Amino acid sequence: MEQERLEVPPKDPDDLPLSILEVGCSGKFELITQPATKNGYIFPLATLPHGLPPYALDLITEAEQHFLSDPSKLPLHHFENSQKVWPREVCVDSLYHTDVTPVHSTLKVERNQTTGELLGYKEVRLDDTGLSIKNSLSLQRPPGPPTQTVRGSSTNYPFWPGGMDEPSLDMIKSMGEFEESIDFEKDLLTVPPGWKKGLNFKKTEHKVAPGLLSLTNLIGAMDDFNLGGSSDEEDEKKRKTAEAKQPLPRTNSLEDLVLQWPFEPDVFQKQAILRLETHDSVFVAAHTSAGKTVVAEYAIALSQKHMTRTIYTSPIKALSNQKFRDFKNTFKDVGLLTGDVQLHPEASCLIMTTEILRSMLYNGSDAIRDLEWVIFDEVHYVNDAERGVVWEEVLIMLPDHVNLILLSATVPNTLEFADWIGRIKQKKIYVISTMKRPVPLEHHLYTGNSQKTQSELFLLVDAQGNFLTKGLPIVAFTFSRNRCDENANMLTTVDLTSTVEKSEIHIFFQKCISRLKGTDRELPQVLQMVGLLKRGIGVHHSGILPILKEVVEMLFTRGLVKILFATETFAMGVNMPARTVVFDTIRKHDGTNFRDLTPGEYIQMAGRAGRRGLDTTGMVIILCKAGVHEMADLHKMMLGKPTQLQSQFRLTYTMILNLLRVEALRVEDMMKRSFSEFHTRKDVKIYEQQIQELTKKLSSMEEVECIGQLSDLEHYYNTVRELLCTRDALQKRIMESTSGFKALSVGRVLVVKTQRHKNALGVILQVATDSTNRTFTTLVLSESRQEETEKEVEALPMAPTPDQLLTNKLFLPEGPCGHTVEKLTTKQIGSVTVKTLRINADKIIDDFKKRQIPRFRNDPPGPSVTTATQELLRLAESHPDGIACLDPISDLQLKDLDLVDDYTRARRLEDSLSKFTCFHSPRFSTEYARMQERMMIKDELDRLRFLVSDRSLMLLPEYEQRVNVLKTLKYIDESCAVQLKGRVACEISNHELIVTEMVFENVLTDLHPEEIVALLSCLVFQQKTQVEPELNEVLRKGIERIRGVAERIATLQRECSLQESIEDFVDQFKFGLVEVVYEWAKGLPFAEITRLTDVQEGIIVRCIQRLNETCRDVRNAARIIGDPTLNAKMEQASNLIKRDIVFAASLYTQ
């Protein structure tokens, strides 16, 4: 039975055929119903064919859509301001996700070059896959995050240092095929980024169809036709044509420079500029104020033209601020990077301290990619014992594409220093130096110790540099901060400024301090300084507040400060010349004792005298308060050679850890390239060539026959060599001992061993001792015709038998006995006998000297000489097998353990000689000589291989000791892989070990932020203070814990054989500012914290500023180990100290 299909109505209201219809554009709607069509479509929802016209979203909706709800809408630039956390659905399966291996190939379309027809697809290899800032040193790696563009990150790899040796085969395999296959001669990039095509420098040959003649080939072939002789006019025409085809050489014209000056550059400046135009590195050495900055300015202008980047480094922060202002006025696009300031880091010219650049290099900063020039100002600062190592590290770590500009005062070894840089970077360094001073100096002495001489000046060195033995802005250099203040305060009645100048000074001073809060404007130092400045007097030293020092510098530049009392730091790179320079004294304390100024120090300060374009000469005056100085000392100081550039390279834990975290870089390579190793490493190529030659020579030599009686020949040779070496060491210890020196007195009989004398007896006539060694004037037996026997003695073969080694037969003249008087060193004394002679030493010496005069040369020797000679001859004849020598133990009573050990070893080796059989063979002498020649080559090979190996590095033992310290503290594992503690230490800029240990031992976590920052002040404060701080119990316990950590580290270093004593290591952490910093962090005004200590205001400010950098380091360390509590406390501590006058912005950056 057939049943009908029933239509069941929809159960859900949503299934009903209802909809809303838009009626026109008025915004009206109608509710309509209509059954669905057969094809399933519902009726149209609008009466308009294309729906409603578009309309603008409101601003809030648009902002949410573009910046909050859709990550794809992020802008390409400045996206760091957008939302960083996006809402997402929880997906547990995503935890199992792993990154897919990068695809190493892609498909490339092949088309017809003419028609564009698609011909097919070709799979090509992608060579740069897998490279990143975390695993590659290549410049081809992708850039890192924009936030790390300038500073980089301690987890990034640095770029490959320029001039560094190629990695080994194992390293090449680990680095990947792409990095090993770069050929900088052939595989150069020809297509700029973003371009579809570039330049093709390859020569192309045009194929010509058969039967056709190529016009190009025809013309090219005609150049080679020779139609015989031609006229003079044709020859001249050909010559001109050939010259025209040659590329034009670059001229030395300075007309098309990218930067012009209102003055004519000096010759040395022009030479440097021409080198920069050819993209060369230069080392410019010139006197202070000679105009070295012109070279730096041209490099900056050149990089802006090339759209690259320049980094200008300075040794001190104050100089960086001044250069920022100067270059900002000239080039506009200038940035500044210091420990606490970062201005315009994207600029094409960045000014920074050398420590910042070192950190950028180790942290793989992407700013290094487009770096064209690095300018090192005040390169002679490499002599600084504490910070000189930074310059060497930076020079070694810079990549190959970066060119160098080194600016230095005149030093005597510029060529040597440039040679070192050229060798380690494998590029030419052009040295350009000048001794000319733009404004000549005249040096005067001023005594002023009486009414008669108070207005007299005695000229010592004139403008031409002649030393004479007969006899206003001003900078007065004083080598004491307190004496600077005292000298300025003594001039209470001196007023050097006019009313107009006083008004200008007042307005400028008030404008500068207007940014300070009210209490800071009333500081005693501020009030005292404004009183001095209004009278034209200034003070400049490290104890002055930084903002006041900048005010003084700017007023001095304007000519409103007439006399400036300053310490040595004012002369460091600051371009502020004066009419006259006055030296309060020429003696200074260098941290150890008082000494005279070196020529380099004196000329650095004296060079501030003389303003270019204003003064014909610069006047230098030396005050003679304690009497007139010695002329020899003055001559040495004024006209002596400046201090040479000397390496201060040393190993630091930060350097070791930064290099160990990158497998491709080795600490040994860094040590090899240091300036301290330059003299021993510069001949490595020669040594390697000699090794090849000696190895080839050794392989071509026949093997020594060691069979039968000669089977123990090699063992015998080694025993003889060990015996001779032991005897030499024993003799040296005897000579250096007090008892041995006493035995070597006038009349003592010696056995002399030199090139001229073999076991000849001699008697001491005179003993002379100087600062380096001792010499013994000795009467020695010889042949009467010494010249004829010298060659015979030297030509004798050396194949010693046991009898010869044990008997020590003495020299006996073959004919008439002769004599000579020679000065012997301890090395030329074979042995000291038990015999002494009574002689008249003075007469013997006088007689011998007289017979050296040509007209007395044939005179017979005097009776004193004859008697002594006959006594020596009698001893030699009566003891032909040798005279008994002084026994070091029984006769000289020497008890040194090493000496006794050498003595015992020598006796044991002597007793073993009789057991050998090789010396009985008739071929013993021949085979021994061959063995000796072969062993000498092997010894030389061992010596050369040692010199080219890492074992010859002077700092290698210290490196191994420091590695043992790091292994014990778990900073690295047994395979020298950097661990978590090592990663934390890489974040710390100074005192990395103690800070890391404090973080891991939770010394700081439980303290309040103000207590933490107060305790950390011991890391940056280095002055001595006489005021004992008043501390609470928490701070006292914190100090004890820090000292305990320091003592534990120092003890471990001593156990690992490092030289620094436990006391010196612990005492370097000074807690004199703990109370000051604690109260400052609690909000006490600066005026009140200065009353808590005798430390000057400027030093307090500098320490707190550096303390902010330490807080940042500890905050980064807390982030790495995952300690949010300490991280938050360090952030809070940094905010507590960053206020008021301590962190007032530099006037140079405004």
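Residues numbered from 1 in each chain as written. Predicted model: local features only at pLDDT ≥ 70, side-chain atom pairs only at ≥ 80, totals over all residues. Heavy atoms only, no water.

Asker: If you had to explain empty space enclosed by the protein to someone new, which residues and values would you point to?
Answerer: Taken as a whole, the largest cavity holds about 30 Å³ of empty space. The wall of the largest cavity is formed by Thr 1025, Val 1027, Pro 1029, Gly 1072, Glu 1075, Val 1076, Leu 1092 and Thr 1093. Looking at side-chain class alone, the lining of the largest cavity contains 4 nonpolar, 3 polar and 1 charged residues. (1 Å grid on protein atoms, 1.4 Å probe; cavity = no way out; pocket = protein on both sides within 12 Å on 5 of 7 lines; lining within 4 Å. Points joined across faces, edges and corners; volume = space filled by probe spheres on them. Nonpolar A, V, L, I, M, F, W, Y, C, P; charged D, E, K, R; others polar.)

Asker: I'd love a proper account of the pairing of strand 22 (residues 748-753), names of residues and values included.
Answerer: Along strand 22, 5 of the 6 residues are buried, which leaves the element largely enclosed by surrounding structure. Strand direction decides the pairing type here: strand 22 and strand 26 (residues 829-836), joined by 4 bridges, are antiparallel. For Leu 750, the partnering residue across the bridge sits in strand 26 and is Val 832. Bridge count for strand 22 against strand 23 (residues 758-769) is 5 bridges, and the pairing is antiparallel. Each residue of the ladder has a partner; that of Leu 750, found in strand 23, is Gly 762. Here strand 22 folds back onto strand 23 in antiparallel fashion, the turn holding 4 residues. (Buried < 20%, exposed > 50% of the residue type's maximum accessible area, 1.4 Å probe, protein only. Helix = DSSP H or I, 4+ residues; strand = E, 2+ residues; numbered from the N terminus. Pairing = 2+ DSSP bridges.)

Asker: Which residues make up the packing of helix 34 (residues 1009-1016) against helix 37 (residues 1074-1081), and what values do they have?
Answerer: For the pair helix 34 and helix 37, interaxial distance at closest approach is 8 Å and the crossing angle is 150°. Considering their axes alone, helix 34 and helix 37 lie roughly antiparallel with respect to each other. Between helix 34 and helix 37 lies a crossing whose hand is right-handed. Of helix 37, the residues touching helix 34 (which contributes Glu 1010, Glu 1011, Val 1013 and Ala 1014) are Val 1074, Val 1077, Tyr 1078 and Ala 1081. Across the contact of helix 34 with helix 37, the residue classes tally to 6 nonpolar, no polar and 2 charged. (Axes fitted to C-alpha atoms, helices over the stretch in contact; angles between N-to-C directions. Parallel < 35°, antiparallel > 145°, perpendicular 65-115°, else oblique. Left-handed = near helix turned anticlockwise from the far one by under 90°. Contact = heavy atoms within 4.5 Å.)

Asker: Go over the side chain of Gln 1053 with me, naming the residues and quoting the values.
Answerer: Note on placement: Gln 1053 falls in helix 35 (residues 1033-1055). For Gln 1053, a relative accessible area of 3% gives the class buried. Not counting the four nearest positions on each side in its chain, Gln 1053 is found in contact with Tyr 653, Arg 962, Val 965, Leu 993, Leu 1058, Glu 1060 and Phe 1065.

Asker: Hey, could you go over the sheet that holds strand 26 for me, with residue numbers and the actual values?
Answerer: Ordered by their spatial adjacency, 5 strands build an open sheet running 25-24-23-22-26, and the pairing between neighbours is antiparallel. What marks the edges here is a single partner per strand, and that holds for strand 25 (817-824) and strand 26. Each neighbouring strand pair of the sheet contributes to a mean axis angle of 35°, computed without reference to strand direction. Sitting on the sheet, helix 23 (residues 713-736) is in contact with strand 24 (774-783) and strand 26, with an inclination near 55° to strand 26. Sitting on the sheet, helix 28 (residues 863-878) touches strand 22, strand 23, strand 24, strand 25 and strand 26, and the angle it makes with strand 24 is about 75°.

Asker: Any chance you could break down a nonpolar patch on the surface for me, citing the residues and the numbers?
Answerer: A cluster of nonpolar side chains, namely Val 90, Val 92, Leu 95 and Tyr 96, defines an oily patch on the protein surface of about 540 Å² accessible area. As for its placement among the helices and strands, Val 90 is situated in the loop between helix 1 (59-68) and strand 3 (105-111). (Patch = residues over 30% accessible without salt bridge, like charges linked within 9 Å, V, L, I, M, F, W, Y side chains within 5 Å. Areas by Shrake-Rupley, 256 points an atom, 1.4 Å probe, with all protein chains shown as cover. Salt bridge = Lys/Arg side-chain N within 4 Å of Asp/Glu carboxyl O.)

Asker: Outline helix 6 (residues 267-277), supporting the account with residue identities and numerical values.
Answerer: Burial in helix 6 covers these residues: Phe 268, Gln 269, Ala 272, Ile 273 and Leu 276. Along the axis of helix 6, the buried residues cluster in a sector spanning 135°; they form a single face. Lining the buried residues of helix 6 we find strand 5 (281-285), helix 7 (293-306), strand 10 (371-376), strand 11 (403-408) and strand 12 (429-433). Of the residues one or two after helix 6, His 279 is the one with positive phi, at around 65°. (Arc of directions from axis to C-beta.)

Asker: Account for the nonpolar core, with residues named and values stated.
Answerer: Phe 376, Phe 417, Phe 583, Ile 994 and Phe 1086 are the most contacted members of the largest nonpolar core, which has 194 residues in total. Counting residues per element, this core draws most heavily on helix 39 (residues 1097-1121), at 11 residues. Apart from the residues lying within four places of it in its own chain, the contact partners of Phe 417 are Phe 283, Val 379, Val 382, Leu 395, Leu 406, Leu 645 and Phe 675. Residues Leu 257, Phe 268, Val 284 and Tyr 298 belong to the second largest nonpolar core, which totals 32 residues. (Core = buried A, V, L, I, M, F, W, Y, C linked by side-chain atoms within 4.5 Å.)

Asker: Can you lay out the packing of aromatic side chains for me, pointing to particular residues and giving the numbers?
Answerer: Counted by the stated rule, this structure contains 20 aromatic pairs. Ring geometry for Phe 556 versus Phe 570: centroids 5.9 Å apart, planes at 85°, classification edge-to-face. Of the two residues, Phe 556 is situated in helix 16 (residues 546-557) and Phe 570 in the loop between strand 17 (563-566) and strand 18 (580-583); the sequence distance between them amounts to 14 residues. Just as Phe 556 is buried, Phe 570 falls in that class too. A centroid spacing of 5.5 Å and a plane angle of 45° characterise the contact between Phe 924 and Tyr 928, whose relative ring orientation is tilted. Linking Phe 924 with Tyr 928, this pair stays in helix 30 (residues 924-948), spanning 4 residues, or about one helical turn. Comparing Phe 924 with Tyr 928, the two get one shared label, buried. One aromatic cluster in this structure is built from Tyr 716, Tyr 717, Phe 916, Phe 919, Phe 924 and Tyr 928. The residue whose ring lies beneath Arg 141 is Phe 159, and the NZ or CZ to ring-centre distance is 4.1 Å. Over the ring of Trp 1080 we find Arg 1139, and its NZ or CZ is 3.6 Å from the ring centre. (Phe/Tyr/Trp six-rings, centres within 6.5 Å; stacked < 30°, edge-to-face > 60°. Lys NZ or Arg CZ within 6 Å of the ring centre and 35° of its normal.)

Asker: How would you summarise helix 11 (residues 414-425) if you had to cite specific residues and measurements?
Answerer: The terminal C-alpha atoms of helix 11 lie 16 Å apart, and with 12 residues this matches the ideal 16 Å at 1.5 Å per residue to within 8%. Of all the positions in helix 11, only Thr 414, Phe 417, Ala 418, Trp 420, Ile 421, Gly 422, Ile 424 and Lys 425 are classed as buried. Of the residues one or two after helix 11, Gln 426 is the one with positive phi, at around 55°. (Expected span 1.5 Å × (residues − 1).)

Asker: Describe unusual backbone geometry, naming the residues involved and giving the relevant values.
Answerer: Even without being glycine, Lys 970 reaches a positive phi, approximately 70°. Residue class for Lys 970 comes out exposed when judged on its relative accessible area of 58%. One non-glycine residue, Cys 976, lies in the positive phi region at around 65°.

Asker: Which residues make up the packing of helix 7 against helix 8 (residues 317-331), and what values go with them?
Answerer: With their axes 12 Å apart at the nearest point, helix 7 and helix 8 run at an angle of 50° to one another. Taken together, helix 7 and helix 8 sit at an angle that is classed as oblique. In this structure, helix 7 crosses over helix 8, and the sense of that crossing is right-handed. Across the interface between the two elements, Thr 293, Glu 297, Ile 300, Ala 301 and Gln 304 from helix 7 touch Lys 323, Phe 327 and Phe 331 from helix 8. When grouped by side-chain class, the residues that make up the contact of helix 7 with helix 8 number 4 nonpolar, 2 polar and 2 charged.

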